[in-house]
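Residue-level structural notes
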There are 2 protein chains.
Amino acid sequence: MRGTLLANRRGVQRFRQLAITAVKSSNIKLLLLCCIAFTVLVVGTRASDFMGWTNYSDSVDQFPLPEKGYAIVMNTWKRYDLLKQSISHYSSCAGLKSIHIVWSEPNPPSNSLSKFLNHVVESKTKGLKKIKLSFDINKEDSLNNRFKEISGVKTDAVFSIDDDVIFPCSSVEFAFKVWQSAPDAMVGFVPRAHWVDKSHGKKEYYTYGGWWSVWWTGTYSMVLSKAAFFNKKYLRLYTNEMPASIKEFVTKNRNCEDIAMSFLVANATGAPPIWVKGKLHEIGSTGISSLGGHSEKRTRCLNRFVAEFGRMPLLPTTVKAVDSRISWFW
Amino acid sequence: MRGTLLANRRGVQRFRQLAITAVKSSNIKLLLLCCIAFTVLVVGTRASDFMGWTNYSDSVDQFPLPEKGYAIVMNTWKRYDLLKQSISHYSSCAGLKSIHIVWSEPNPPSNSLSKFLNHVVESKTKGLKKIKLSFDINKEDSLNNRFKEISGVKTDAVFSIDDDVIFPCSSVEFAFKVWQSAPDAMVGFVPRAHWVDKSHGKKEYYTYGGWWSVWWTGTYSMVLSKAAFFNKKYLRLYTNEMPASIKEFVTKNRNCEDIAMSFLVANATGAPPIWVKGKLHEIGSTGISSLGGHSEKRTRCLNRFVAEFGRMPLLPTTVKAVDSRISWFW
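Sequence order as written defines residue numbering, which begins from 1 separately in each chain. All chains are assigned letters beginning at A, and all ligands numbers beginning at 1, according to the order in which they are written. Per-residue local features are limited, in this predicted model, to residues with pLDDT of at least 70; the limit for side-chain atom pairs, both in listing and counting, is 80 or more; totals at the level of whole chains, interfaces and linings are taken over all residues. Values shown for side chains rest on all heavy atoms present in the structure; no hydrogens or waters enter the calculation.

1. Let's talk about the overall build of chain A
- Secondary structure summary: chain A contains 11 helices and 13 strands in total.
- Relative accessibility thresholds used throughout: buried, under 20% of the residue-type maximum; exposed, over 50%; partly exposed, between the two (1.4 Å probe, protein chains only). Of all 330 residues assigned to chain A, the portion counted as buried reaches 52%.
- Summarising the internal contacts of chain A: among those between residues at least 6 apart in sequence, 81% fall at separations of at least 24.
- Looking at chain A as shown, the accessible area adds up to about 16100 Å², and 57% of this sits on carbon and sulfur atoms. Only DSSP runs of H or I with at least four residues qualify as helices, and only runs of E with at least two residues qualify as strands; both kinds are numbered from the N terminus onward. Contacts are assigned to residue pairs with any non-hydrogen atoms lying within 4.5 Å of each other. Only the protein chains shown count as cover for residues, and the accessible areas themselves come from Shrake-Rupley with a 1.4 Å probe.

2. Remarks on the pattern of salt bridges
Residues and elements named next belong to chain B.
- For this analysis, a salt bridge means a side-chain nitrogen from Lys or Arg found within 4 Å of a carboxyl oxygen belonging to Asp or Glu. Inspection of the entire model under this criterion finds 20 salt bridges over all chains.
- One salt bridge connects Asp 162 with Arg 146, and the closest N-O pair in it is separated by 3.0 Å. With Asp 162 in strand β4 (residues 157-162) and Arg 146 in the loop between β3 (132-137) and β4, this pair connects stretches of sequence that are 16 residues apart.
- Owing to a relative accessible area of 17%, Asp 162 belongs among the buried residues under this scheme.
- A salt bridge links Arg 298 to Asp 258; its shortest N-O distance comes to 2.9 Å.

3. Details of the environment of Thr 125 of chain B
Residue and element names in this part refer to chain B.
- When you line up the elements, Thr 125 lands in helix α5 (residues 111-125).
- Overall, the relative accessible area of 8% leaves Thr 125 in the buried class.
- The spatial distance from the C-alpha of Thr 125 to the C-alpha of Ala 94 is 8.7 Å, given a sequence separation of 31 residues.
- Two N or O atoms count as a polar contact when they lie within 3.5 Å, although within protein this holds only if one can serve as hydrogen donor and the other as acceptor, and sequence-adjacent residues are included solely when both atoms are side-chain atoms. In this structure the side chain of Thr 125 is engaged in a polar contact, spanning 3.0 Å, whose partner is the backbone oxygen of Val 121.
- From its side chain, Thr 125 meets the backbone oxygen of Glu 122 in a polar contact 3.1 Å long.

4. Re the side chain of Ser 160 of chain A
Residues and elements named next belong to chain A.
- Relative to the elements of secondary structure, Ser 160 occurs in strand β4 (residues 157-162).
- Assessed through its relative accessible area of 2%, Ser 160 is described here as buried.
- At 3.3 Å, the side chain of Ser 160 and the side chain of Arg 146 are in polar contact.
- In contact with Ser 160, not counting residues within four places along its chain, are Val 73, Arg 146, Phe 147, Ser 225, Lys 226, Ala 227, Ala 228 and Phe 230.

5. Description of the sheet that holds strand β9 (residues 222-223) of chain B
All names here are of chain B.
- One open sheet holds the 3 strands; their spatial order is β8-β7-β9, and the pairing between them is antiparallel. The sheet is open, and its two edges are formed by β8 (206-209) and β9, each paired on a single side.
- A strand pair is defined by DSSP finding two or more bridges across the two strands. One ladder, built from 4 bridges, connects strand β7 (residues 191-196) with β8; its direction is antiparallel. Residue pairing across strands places Ala 193 opposite Gly 209, the latter belonging to β8.
- Every axis in this analysis is a line fitted to C-alpha atoms, fitted for helices over the stretch in contact. Angles between the N-to-C directions lie between 0 and 180 degrees. Sitting on the sheet, helix α11 (residues 294-309) is in contact with β7, β8 and β9, with an inclination near 135 degrees to β8.

6. Topic: the environment of Val 187 of chain A
Residue and element names in this part refer to chain A.
- Position of Val 187 among the secondary structure elements: in strand β6 (residues 187-188).
- Given a relative accessible area of 0%, Val 187 falls into the buried group.
- Residues Val 187 and Ala 227 lie 40 residues apart in sequence; the distance between their C-alpha atoms is 8.7 Å.
- With sequence-adjacent residues up to four places away left out, Val 187 is seen in contact with Ala 175, Val 178, Trp 179, Ala 182, Val 223, Ala 228, Phe 229, Ile 274 and Val 276.

7. A word on the packing of aromatic side chains
- Think of it this way: a Phe, Tyr or Trp ring, Trp meaning its six-membered ring, pairs with another when their centres are within 6.5 Å, and the plane angle makes it stacked under 30 degrees, edge-to-face over 60, tilted otherwise. Going through the model one piece at a time under the given rule, you end up with 42 aromatic pairs over all chains.
- Look at Tyr 70 of chain A and Phe 229 of chain A: their rings are 5.2 Å apart centre to centre, the planes differ by 90 degrees, and that puts the pair in the edge-to-face class. Taken as a pair, Tyr 70 of chain A in strand β1 (residues 70-75) and Phe 229 of chain A in strand β10 (residues 227-231) lie far apart in primary sequence, 159 residues in all. The same class applies to Tyr 70 of chain A as to Phe 229 of chain A, namely buried.
- With 6.2 Å between their ring centres and 45 degrees between their planes, Trp 212 of chain B and Trp 216 of chain B make a pair best called tilted. Placement of the pair is Trp 212 of chain B and Trp 216 of chain B together in helix α7 (residues 211-217), with a separation of 4 residues, close to one helical turn.
- Overall, the relative accessible area of 40% leaves Trp 212 of chain B in the partly exposed class.
- Joined through ring pairs, the aromatic side chains of Tyr 70, Tyr 90, Phe 159, Phe 167, Phe 176, Trp 179, Phe 189 and Phe 229 of chain A make up one cluster.
- Placement of a positive charge over a ring is assigned whenever Lys NZ or Arg CZ falls within 6 Å of the ring centre and within 35 degrees of the normal to the ring plane. Lying across the ring of Phe 116 of chain A, Lys 84 of chain A places its NZ or CZ 4.7 Å from the centre.

8. What to know about the sheet that holds strand β9 (residues 222-223) of chain A
- Reading across from one edge, β8-β7-β9 (chain A) is the order of the 3 strands in this open sheet, with antiparallel pairing throughout. In this open sheet, the two edge strands, each paired with only one partner strand, are β8 (206-209) and β9 of chain A.

9. Some remarks on the state of the cysteines
Residues and elements named next belong to chain A.
- Throughout, disulfides are identified as pairs of cysteine sulfur atoms within 2.5 Å of each other. In total, this model carries 4 disulfides over all chains according to the counting rule given.
- The residue that forms a disulfide with Cys 256 is Cys 301, at a sulfur-sulfur distance of 1.9 Å. On the sign convention where negative is left-handed, the bridge of Cys 256 and Cys 301, at about 80 degrees about the S-S bond, is right-handed. Of this pair, Cys 256 sits in the loop between α9 (244-253) and α10 (257-269) while Cys 301 is found in helix α11 (residues 294-309), placing the two residues 45 residues apart along the sequence.
- With a relative accessible area of 0%, Cys 256 lands in the buried category.
- The class for Cys 301 is buried, based on a relative accessible area of 2%.

10. Notes on α11 of chain B
Residues and elements named next belong to chain B.
- One less than the residue count of a helix, multiplied by 1.5 Å, gives the span that helix is expected to have. Look at α11: 22 Å from first C-alpha to last across 16 residues, which is about the 22 Å you get at 1.5 Å a residue.
- Residues His 294, Arg 298, Thr 299, Cys 301, Leu 302, Asn 303, Phe 305 and Val 306 constitute the buried set of α11.
- The inward-facing, buried residues of α11 contact β7, β8, β9, α9 (244-253) and α10 (257-269).
- Positive backbone phi, at 80 degrees, marks Gly 310, one or two positions downstream of α11.

11. Observations concerning α10 of chain B
Residues and elements named next belong to chain B.
- The terminal C-alpha atoms of α10, which comprises 13 residues, lie 18 Å apart, in line with the 18 Å expected from a rise of 1.5 Å per residue.
- Counting buried positions over the 13 residues of α10 gives 10, a clear majority of the element.
- Restricting attention to buried positions, one finds in α10 the residues Glu 257, Asp 258, Ile 259, Ala 260, Met 261, Ser 262, Phe 263, Leu 264, Val 265 and Ala 266.
- Buried residues along α10 sit against β8, β9, β10 (227-231), α8 (233-241), α9 and α11.

Shown next, in the form of structure tokens:
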């Protein structure tokens, strides 16, 4: 390692001499060229043996696999192609231990669908590990189904995901790492906000803030369960302790189960969620958020839930978890 | 709000027309000027009424004060000017509830120092709130003192800080917000790493990684207690359950109490710490890390502690918490 450092120092000395010569002869272009070449060299060899860390690079490159792993709870509804595509993708994620498909149709999944999905999971994992795939069958079509307690979940961490949202495995495992350090929080990719609207007189009134308002202000107070990690204990809490009136409201309006879950977790922890930076790829058609009047509906949910909870439990925050491997500024 | 949106749309239409005219007449400079002016306008009015969110901007600007707050545990040693400067600075942080100065000198603090510090705290808080200031007196000069259990700490959150390190209050409260969502983790500003060094034969051997290696790889496994939040329960654990041999090693070598604390928390949680982006201002002379042989000493500590714990509890991670108000890229 000392030899490498010495070689580096000699290199730096040479570079200095070259730079001085270039400036003296006013050959600025040559200097610029040198700078560019040097930068490319440095950037190109980041985390390599350029800095003399050859011996330790193993522990950097091989980002350790999550020890305990996580379960995927995937909400789906009559979109078998999306379901196949999604399961196929997530099956190859290293930390995944089991997949639970929330099924809300009167007819159970067909044999051919079950066979296909089991085959896909097996082929993706190449027999190296066993990922359990199961259906959580519900006769009633209610959005509350996605938060029903599932007995087969062995891990504490649950990754709740819609069937039409794809994240690279690296992003999922990064979010899992964040969740490991914050196991009581909701940790997700899709932040949303609530704003106090003072135009409604003396009574506290809240407005739902979508993507645009979060981007603009950098502030959020929820992460949506369409792509979020949380402790499986919240499934039990949602199933057993969420006020029946809220669950009925969710079923009837076919909306806002994610806001209800955000209320539940914030109420239990007294803390905000954590937003993880990650690029979402929506496959298939866009969801209910693209329909007209979406914001108004969500605003109605917010104020209804505040009335039910007797207070606003959500807490605004501005924390974003980013990968320090791709963020160079200290 | 609809009126504002309509006005915005009209503005966008005008801007489009102007852009088309500019391109048609090949007046690229005018187009560029328009772009710059538009960008300045948009950036300058971020979170203002430009987007029609006037009513909700209050909840954005007034970042809510931490409800429960935190205690500062400040380690100091015969640097009274630094201590005064530091206490004076942190006293004005909104979430601060109490200050505990870890005193490790044979003589107790002088009356004049006590008076000065109490006066500073009172004047900084302007009587609006009561911050309790106390000394934790230790006769023995040991680095373990900084992690002694302190009975007067009322908050769960402790901000452990050296007397020569200054962070703006906004950074401290931001880190506190991160800690609120991850109350079992160490949440700090100064990340460090351990690397597996395979050149030492079959036996697992570790090397300490300083600032430079963390910056280069984006990976870390500790945050130093010179500037970190953690739950006060870890003070109890350090005092009562840290192996005596490790505490003796720390006292004798006058080093590595922070590595020992990182081992303790990682061992208890099975999770990595969280690094918060923040600019550290060192006042006064630099610490022991600038002395010769620092890395070698820290490497020795690492391997000694691994032997005592019977395993390496530290987990590498690449999570960095940044403020989404100043990070615009989704």
